[in-house]
Amino acid sequence: MNTERVEFRAEDGTSLVGILRRPAAATRAVTFTGPFTGVKEQVVGTYAEALARAGFATLAFDHRNYGESGGAIRRHEDAAGKVTDLRAAVGHLGALGFGRIGLTGVCLGGGYALKAAAQDPRVAALACVAGAYPGAPGSFAHRGGDYREALRDIWDHAWTEDGQPVYERR
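For clarity, every value in this text was computed on a predicted model and none was experimentally measured.

### Topic: empty space enclosed by the protein
Here's step 1: Going through the model one piece at a time under the given rule, you end up with one cavity of 30 Å³ or more.
Here's step 2: Looking at the largest cavity, its volume works out to about 40 Å³.
Here's step 3: As for the largest cavity, its lining consists of Gly34, Pro35, Gly38, Val39, Lys40, Val44, Phe61, His63 and Lys82.
Here's step 4: In terms of residue class, the lining of the largest cavity is built from four nonpolar, three polar and two charged.

Set out below in structure tokens:
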């Protein structure tokens, strides 16, 4: 497996630094966004390494204002900037020739990944791990138990017997 430090830019020019893990036969790639204040060597790096061992190319990077990446206000959680950074990471992976690109969001990154995937048709897959979705409890609470049960039914039946998603963006 080839592992290298990479640098790419967000659309506003912010420099983003990451670690690209590239198994020899990888045709699909995944990029990550993690918990509040996280950097590439922490949680997302752990997920990236595990998925790279499973054959995926992975890009764990520092969002703007954190780690080695640029940004004027250090250690500032910039929600809109993080979504912009995810678009840049998807673009970087696409420029490397990966046609199927996924996003994985962990904790607070789950909300960012969900928003980025909804806005970017280049994203082919999405995984949210222990997602934190600001505002979600309030927006779901008033809908009642029938609504929550309907969502659970959808989630429970969204996979085929061999573990593939029933609905897949093409």
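Having put the structure on the table, let's press on.
### Observations regarding the pairing of strand β2 (residues 15-22)
Here's step 1: Summarising burial for β2: seven of the eight residues are buried, a large majority.
Here's step 2: As judged from the five bridges shared by β2 and strand β4 (residues 57-62), these two strands associate in the antiparallel manner. Among the inter-strand pairings, Gly18 is bridged to a residue of β4, identified as Phe61.

### Details of helix α3 (residues 109-119)
Here's step 1: Residues Gly109, Gly110, Gly111, Tyr112, Ala113, Ala116 and Ala117 constitute the buried set of α3.
Here's step 2: Where α3 is buried, its residues touch β3 (28-33), α2 (79-95), β5 (100-106) and β6 (123-129).

### Considering the side chain of His63
Here's step 1: Take His63: it is sitting in the loop between β4 and α2.
Here's step 2: Excluding residues that lie within four positions of it along the chain, His63 makes contacts with Leu16, Phe32, Thr33, Ser69, Lys82, Asp85 and Leu86.

Rules of the game
- Residues numbered from 1 in each chain as written.
- Predicted model: local features only at pLDDT ≥ 70, side-chain atom pairs only at ≥ 80, totals over all residues.
- Heavy atoms only, no water.
- 1 Å grid on protein atoms, 1.4 Å probe; cavity = no way out; pocket = protein on both sides within 12 Å on 5 of 7 lines; lining within 4 Å.
- Points joined across faces, edges and corners; volume = space filled by probe spheres on them.
- Nonpolar A, V, L, I, M, F, W, Y, C, P; charged D, E, K, R; others polar.
- Buried < 20%, exposed > 50% of the residue type's maximum accessible area, 1.4 Å probe, protein only.
- Helix = DSSP H or I, 4+ residues; strand = E, 2+ residues; numbered from the N terminus.
- Pairing = 2+ DSSP bridges.
- Contact = heavy atoms within 4.5 Å.

Shape is all these values report; function is a separate question.
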